[in-house]
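Read off the chains here:
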Amino acid sequence: MSETLLLLHKELLQAVRDRRTVLLTVLFPLIFYPLMFWVMGAMVEREQMRLADLVPYVLLVAEELDDPLVVGVAEDPRLVVRVMADAEQALAAQRRAQADAALVIGRIDDAGELGYRVQIHVDGGDPLGQAALARLREVLQAQLQAIVSDRLVALGVDMEQVEPPFSLEVIDTADRASFAQLLFTRMLPYFLVLSILSGAMGFGAEITAGEKERGTISTLLSSRLSHRQIVMGKFLAVLTVALVSTVVSGIGLLVGILAFGGGIGGLGLSTAGWALLLLLPLAMALSAIVLIVGSYARTQKEASAYLVPLLMIIVLLGISLIVGVTDPEGMQFAIPVAGSLAAVQRALEGRLTLGEAGWALGSSVALAAVLLATAERVFRSERVLFRM
Amino acid sequence: MKPVVVDDLTKTFGHVRAVDGISFEVRSGEIFGLLGPNGAGKTTALRVLAGLIRPTEGRVLVFDHDVADRPAEVRAQLGFLAAETGLYERLTPMETLVFFGRIFGLSERQIAARCRELLETLGLWDLRHRRVGVLSVGERQKLSFARCMVHDPPLLILDEPTAGLDVFVAEAAVELILELSRTGKTVLLSTHDMHLAGRLCGRVGILHRGHLAAVGEPACLREELGADDLTEVFFRAIRRAGLSPEEANLVR
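The following paragraphs examine the structure supplied in this document.

Procedures and definitions
- Residues numbered from 1 in each chain as written.
- Chains lettered and ligands numbered in written order.
- Predicted model: local features only at pLDDT ≥ 70, side-chain atom pairs only at ≥ 80, totals over all residues.
- Heavy atoms only, no water.
- Pairing = 2+ DSSP bridges.
- Helix = DSSP H or I, 4+ residues; strand = E, 2+ residues; numbered from the N terminus.
- Expected span 1.5 Å × (residues − 1).
- Buried < 20%, exposed > 50% of the residue type's maximum accessible area, 1.4 Å probe, protein only.
- Arc of directions from axis to C-beta.
- Contact = heavy atoms within 4.5 Å.
- Axes fitted to C-alpha atoms, helices over the stretch in contact; angles between N-to-C directions.
- Parallel < 35°, antiparallel > 145°, perpendicular 65-115°, else oblique.
- Left-handed = near helix turned anticlockwise from the far one by under 90°.
- Nonpolar A, V, L, I, M, F, W, Y, C, P; charged D, E, K, R; others polar.

So, the pairing of strand 1 (residues 4-13) of chain B
Residues and elements named next belong to chain B.
Okay, step 1: Examined bridge by bridge, strand 1 and strand 2 (residues 16-26) share 7 bridges and lie antiparallel to one another. Paired with Val4 across the bridge in strand 2 is Val26.
Okay, step 2: Here strand 1 folds back onto strand 2, and the loop between the two strands holds 2 residues, one of which, Gly14, carries a positive phi near 65°.

Next comes the structure, spelled out in structure tokens:
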């Protein structure tokens with residue numbers, strides 16, 4: 001064990017003297033993540049202000065242009081309205097995004113003077129369309145209320161004695177804090193896993209494939225270190241750098257979320273402990289993969305090329321997690337990487353069950369053990385080690 | 001107890017027989033050279049001797065320890081210098097020697113004494129806290145020698161110790177090897193430089209395409225094969241052994 005620790009010490013000494021490793025593992029997450037969240041926060045705030053001040057451009061199609069509702073909508077200062085006669089033309093223009101919304105006001109047959117059929121056409125996937133919809137609802141509500149009031153006054157009702165028949169108010173609760181919460185629970189696990197790999201990749205490739213490339217592997221193999229000691233020393237070194245990268249990235253992300261304006265009130269010691277516990281075996285498994293690939297590759301460049309697909313898989317899993325496609329149950333938490341990602345997310349949301357944690361932890365630990373044994377096997381192979 | 005006994009050693013990589021049934025011995029205190037062109041099997045043979053890779057067939061004993069069965073004991077008895085300098089660029093010379101001294105189980109006191117002795121002898125003492133990456137090629141080569149001698153092994157295995165070095169550094173390396181021999185170390189080296197082998201080696205083995213064509217003292221081989229120098233010895237030996245006749249006919 002002491003020889004393994006000697007090798008670990010040597011590898012870490014080299015790591016802290018490597019500008020690229022220090023930059024990627026420590027400085028980048030501490031600077032980039034807060035900056036990224038600050039920029040995102042500023043952009044979200046600017047967008048919210050822009051949408052709040054939006055005066056939607058609406059194409060209005062109506063059968064009776066002198067109808068009080070049509071006149072009221074057309075003259076409302078909260079909208080820019082263009083009245084069109086051809087409904088088909090108006091809807092086509094709205095679909096081509098030439099207007100924020102199209103409003104079709106018609107009459108319900110045999111429904112009397114208050115029988116309106118109102119259609120609002122908007123692109124719901126577009127924030128501008130959503131803002132236009134909210135504004136149109138406000139305007140229609142106000143106009144309809146005014147018409148109803150006029151009718152009631154005409155029927156001799158004293159409106160000062162009558163409460164409005166109904167009141168509708170749309171309140172958008174989306175703010176920076178809620179958005180930050182979304183980042184915290186959905187993006188944090190993804191970034192943490194990504195930081196494990198980004199920390200392990202470059203450094204791991206250097207101390208495996210790089211050793212072969214520089215010819216230092218023969219020096220190491222001719223010492224009294226056994227293959228197992230070399231593999232364990234290198235594995236612990238990669239794992240250490242990966243965990244440092246994860247913890248530093250976690251700090252950077254939390255600072256970023258705070259800078260964004262969100263709260264991390266849900267993050268207690270217990271939650272952070274669970275997240276780290278779930279990430280540890282995953283970091284072990286990913287470090288072992290890096291070690292296997294690095295041992296097999298002839299050069300650092302070749303190792304990096306082999307590791308890119310792994311990075312892509314994690315990126316895809318992360319994206320599916322962020323958009324909410326992945327929502328595993330029970331045994332599905334045993335799926336490597338995806339299960340751990342989902343378990344960390346549940347832990348941050350405060351709804352991780354012991355069973356789910358057990359599946360995620362158990363599968364990651366088993367995977368890490370198998371991969372570490374494979375790494376040793378690969379490292380013992382002369383054909384791999386002296387592959388030219 | 002002979003430093004090295006190689007008995008019918010064969011090493012294959014897939015279908016390629018890198019070393020094919022070679023046998024020779026290295027005597028205590030001598031400088032033995034394995035001569036041959038690139039691809040002759042020299043590096044493979046030395047890697048087996050140093051315990052880096054296992055023999056496919058045959059037996060190799062280093063101070064009576066079988067390299068296949070007792071690689072740790074074998075490695076403790078030898079210092080191996082690979083064709084590359086094999087140094088870590090972000091460590092200093094002192095850290096390099098301390099690391100390998102600890103790996104070989106020396107006490108901190110022994111390490112301190114050995115580091116001072118080696119670095120002073122090789123003229124690296126003033127550079128001991130500089131990063132290896134900023135050292136010159138010659139300084140690195142000296143440090144490589146120091147690295148493989150830190151545990152004071154009785155046997156040194158040097159793979160192409162002067163390859164790629166300029167004339168000054170190569171000459172310094174030659175002097176160092178001769179000095180090691182004078183202090184009683186046994187040296188087994190590989191080279192494709194016949195002139196260097198003639199200057200350094202008490203005995204040589206001619207290796208070509210994995211086969212050992214001849215073994216002996218350079219003077220005896222010259223006489224035996226009627227050759228003027230080691231280059232001619234090399235060509236006549238491989239022709240006599242029936243190895244690669246078209247190449248052997250380059251010299252008549």
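Past the structure itself, the notes keep going.
Details of helix 6 (residues 167-182) of chain B
All names here are of chain B.
Okay, step 1: Along its 16 residues, helix 6 runs 22 Å from first to last C-alpha, staying within 8% of the 22 Å computed at 1.5 Å per residue.
Okay, step 2: All of the buried residues in helix 6 are Val169, Ala170, Ala173, Val174, Leu176, Ile177, Leu180 and Ser181. Buried residues along helix 6 cover an arc of 160° about the axis, so they all sit on one side. Seen from the open side of helix 6, the exposed residues pointing more than 90 degrees away from its buried face are Val167, Phe168 and Arg182.
Okay, step 3: Of the surrounding elements, those touching the buried residues of helix 6 are strand 3 (31-35), helix 5 (137-149), strand 7 (155-159), strand 8 (186-191) and helix 7 (194-200).
Okay, step 4: With its phi angle positive at about 100°, Gly184 sits one or two positions after the end of helix 6.

Notes on the packing of helix 3 (residues 68-75) of chain A against helix 5 (residues 127-154) of chain A
All names here are of chain A.
Okay, step 1: As a packed pair, helix 3 and helix 5 sit with axes 10 Å apart at the nearest point and diverge in direction by 135°. Here helix 3 is positioned oblique relative to helix 5, judged by the angle of their axes. Of the two elements, helix 3 crosses helix 5, and the hand of that crossing is right-handed. For the pair formed by helix 3 and helix 5, the contact residues are Pro68, Leu69, Gly72 and Val73 on the first element and Val139, Leu140, Gln143, Leu144 and Ile147 on the second.
Okay, step 2: Classifying every residue of the contact of helix 3 with helix 5 gives 7 nonpolar, 2 polar and no charged.

Quick word on the sheet that holds strand 3 (residues 101-107) of chain A
All names here are of chain A.
Okay, step 1: Spatial strand order, 2-1-3-4: 4 strands in an open sheet with mixed pairing. The outermost strands of the open sheet, each flanked by one partner alone, are strand 2 (80-84) and strand 4 (116-121). Adjacent strand axes in the sheet meet at a mean angle of 20°, parallel and antiparallel pairs treated alike.
Okay, step 2: In terms of strand pairing, strand 3 meets strand 4 through 6 bridges, oriented antiparallel. Bridged to Ile105 within strand 4 is Val118.

Interpretation in functional terms is not warranted from these geometric data alone.
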